[in-house]
Amino acid sequence: MQTIQQQWFGNIRGDILSGIVVALALIPEAIAFSIIAGVDPMVGLYASFSIAVIIAFVGGRPGMISAATGAMALVMVNLVADYGLNYLLAATILTGIIQILLGVFKIAKLMRFIPNSVMIGFVNSLAILIFMAQVPHVLGEGFITYVFVAVTLIIVYTVPRFIKGIPAPLIAIIILTAITFIFGIELKTVGDLGTITQSLPSFFLPDVPFTLETLQIILPYSLALAVVGLLESLLTSQIVDDMTDTKSDKNREARGQGIANFITGFFGGMAGCAMIGQSMINVKSGGRGRLSTLVAGVFLIFLIIVLGDIVVDIPMPVLVGIMVMVAIGSFDWSSFKYAVTAPRADAIVMIITIVIVLYTNNLAIGVVTGVILSALFFVASISKVKITEQDGTYIVEGPLFFASTQNFIQTIEQATSNNIIIDLSSSHLWDESSVGAVVKVVSKLEEQGKTVSVVGLNPASELLYQKLLGITTSL
Amino acid sequence: MYQHILLAADGSENSIRATVEAIKLAKCSPTSIIEVVVVTDFDKSKQDILHTQSSESLLLKRKRKISNVEQLLKNEQINYKITFLKGAPGPEIVRYANELKVDLLVIGSRGLNSLQEMVLGNVSHKVIKRVDCPALIVK
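Below you will find a few notes about this structure. Keep in mind that what you see is a predicted model, and the values were worked out from it rather than measured.

**Re the overall build of chain A**
Scanning chain A from N- to C-terminus turns up 21 helices and six strands. Projected onto its principal axes, the C-alpha coordinates of chain A cover approximately 100 × 50 × 50 Å. Of all 475 residues assigned to chain A, the portion counted as buried reaches 54%. If you take every contact in chain A between residues at least 6 apart in sequence, the share linking residues at least 24 apart comes to 83%. When the accessible surface of chain A is summed, it comes to about 21100 Å², and 66% of that surface belongs to carbon and sulfur atoms. When the 23 basic and 29 acidic side-chain charges of chain A are each reduced to a single mean position, those positions are 8 Å apart.

**Some points on the pattern of salt bridges**
Where charged atoms from two side chains of opposite charge come close, those side chains can pair. Residue and element names in this part refer to chain B. Throughout the structure, instances matching the rule amount to 14 salt bridges over all chains. Among the ionic pairs, K24 bridges to E21, the shortest N-O distance being 3.1 Å. In this pair, K24 and E21 are both assigned in helix α1 (residues 13–26), three residues apart and thus about one turn of the helix distant. The class of E21 is partly exposed, set by a relative accessible area of 27%. In this structure, K27 and E76 form a salt bridge, with 2.5 Å as the shortest nitrogen-oxygen distance. Highlighted residues: K27 in the loop between α1 and β2 (33–40) and E76 in the loop between α4 (67–75) and β3 (79–86), separated in sequence by 49 residues. Accessibility expressed as a relative area gives 34% for E76, which makes it partly exposed.

**Some remarks on a nonpolar patch on the surface**
All names here are of chain A. Judged by side-chain polarity, L200, F302, I305, V306, L307 and I310 come together as a nonpolar surface patch covering roughly 520 Å² of accessible area. With respect to the element layout, F302 can be found in helix α14 (residues 290–311). Residue F302 is classed as partly exposed on the basis of its relative accessible area, which comes to 46%.

**A closer look at the interface of chain A and chain B**
Interfaces are often sized by the accessible area lost when the parts come together. Counting residues at the interface gives 25 residues for chain A, matched by 17 residues for chain B. Between chain A and chain B, a total of about 1800 Å² is buried, with carbon and sulfur atoms accounting for 52% of that surface. The largest contributions to the chain A side of the interface with chain B come from R112(A), N116(A) and D242(A), which together make up 31% of the buried area. K86(B) serves as the salt-bridge partner of D245(A), at 2.9 Å between the closest nitrogen and oxygen. Between chain A and chain B we count 14 residue pairs in polar contact (both at pLDDT 80 or more) in total.

**So, helix α21 (residues 459–468) of chain A**
Quick reminder: α-helices carry 3.6 residues per turn. Residues three or four places apart thus point the same way. Residue and element names in this part refer to chain A. For α21, the full list of buried residues reads S461, Y465 and Q466. Taken end-on, α21 shows its buried residues confined to a sector of 130°, consistent with a single buried face. Exposed residues lying more than 90 degrees from the buried face of α21 are P459, L463 and K467. On its buried face, α21 is in contact with β5 (419–429) and α20 (432–447). Just beyond α21, the residue with positive phi is G470, at close to 80°.

Definitions and cut-offs
- Residues numbered from 1 in each chain as written.
- Chains lettered and ligands numbered in written order.
- Predicted model: local features only at pLDDT ≥ 70, side-chain atom pairs only at ≥ 80, totals over all residues.
- Heavy atoms only, no water.
- Helix = DSSP H or I, 4+ residues; strand = E, 2+ residues; numbered from the N terminus.
- Buried < 20%, exposed > 50% of the residue type's maximum accessible area, 1.4 Å probe, protein only.
- Contact = heavy atoms within 4.5 Å.
- Areas by Shrake-Rupley, 256 points an atom, 1.4 Å probe, with all protein chains shown as cover.
- Lys, Arg positive; Asp, Glu negative; His and termini not counted.
- Charge placed at Lys NZ, Arg CZ, Asp CG, Glu CD.
- Salt bridge = Lys/Arg side-chain N within 4 Å of Asp/Glu carboxyl O.
- Patch = residues over 30% accessible without salt bridge, like charges linked within 9 Å, V, L, I, M, F, W, Y side chains within 5 Å.
- Buried area = accessible area lost by both parts, 1.4 Å probe.
- Polar contact = N/O pair within 3.5 Å; in protein donor to acceptor, adjacent residues only side chain to side chain.
- Arc of directions from axis to C-beta.

Written as structure tokens, this is what we have:
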């Protein structure tokens, strides 16, 4: 891994330029994600500033961008609707504490247990939810709204081919906001959904009663936020690792996410995490070091303080168009091929993860269900031992453990020949159940007056076999 | 002759033909080395990470893509090494070739994705324009 100095100042020019690009690209997203969560745009903007700046110092993956995200916004919708902003801020602080603890207890190791199918299900359901959250802002808003959404989409998909330096969403915002002014077009704007304050965030305690009841309200949300935030952050860090051919400290990143959320909650910001799209923009724009993340956060708040007046005039349909682009970009389009070509169990896990997220509106529940389901599928598939018989010799292929012994016992019990050899050279005894199964089968067949021999145990299995039978003589 | 030959490859039909020509040139001198350079586009990272369980299996998957090129080099007993790079294929190949001051760049005239080439233009054409060393485009 690089030295601290390299992480900060190894790429000053590239980091400053890419940080500015990311700040410009972050503004529309931070506002739109605030609107998804049902809070003032400032909550998302403050969060993006605060999280980006803190993560620049405490994160484990230099060059990765963290801020207010759609995944987190979607988890907090109900909390905000039922209890309001102060409970969200309290939940954000608690999320931070949970993530710090998970980081301390080396959560990153557990990430390897999350199968691809669940990850793919996660990003796809996230994309679908972001897309669906836009529908209410468009339906029944009139013809001109549809036109603005369409024009925004045309701009964000064609302009990058000609203008590479400035993020296309920002160009769409500038052009279309100007058009509404010039032609006096009446559209719903960001200002109709919240206010923009042109000031730096300040420290305050969330106004909630410090009771057990409050904890009961926020804990489920905080747990879900902690899981979703770490999942997306660790996935993003893997992607940035790959793009830059460098390594990162995943546990430090988990702790860093926690510290960032913990502090952000005290400064009026909503919980956030790493962003795949923005991190990719950063790397592609030349960002590699911690400086890029810091510049992104600082420049973002600078823009808001200077341009806050204009931000409220951004037409909602333009933001909707940008969010549709984000949704399309987040979706893993190779999933359709995956659903057909991947092993049946994996495809089912992916689809079920998506269905459960869409049904419960909760990314965390979908992910947890997906992980459990795939673990069950894994046990089911590994518990199938293949047994072939040839002249009284039974060749067992596959591991023997508590889940696979049933099948083993049933097949071999039915042996008819008088001389039976059980060949375990392609198998492995894993636990007490497997040793018990071998003993059981052998004694049962011997009761019937047959001779049985067990051959081909590998050394580890042999050792376990003797140990569990209480035989202490060495091999 | 050419000591350090850079061969841009992506496992396509065209890069196989490029490999054959690179081998002919490398055989002129026993000390020649062919460096096979494989560029993975930034945009592929997300999909690759989502669809492989670990970075080790991803490396294997990327190596498999050019196994046909590697096999050819092995059969002909050429000194070779493989380098994986990330970024936009064209500019990345140019940067690498210029930085290492290689003696010759060999590249196929067209890559795997012909649809992308229709939209973005020909990678090899762009590379040839900007690279400092002699270059060979193989049809």
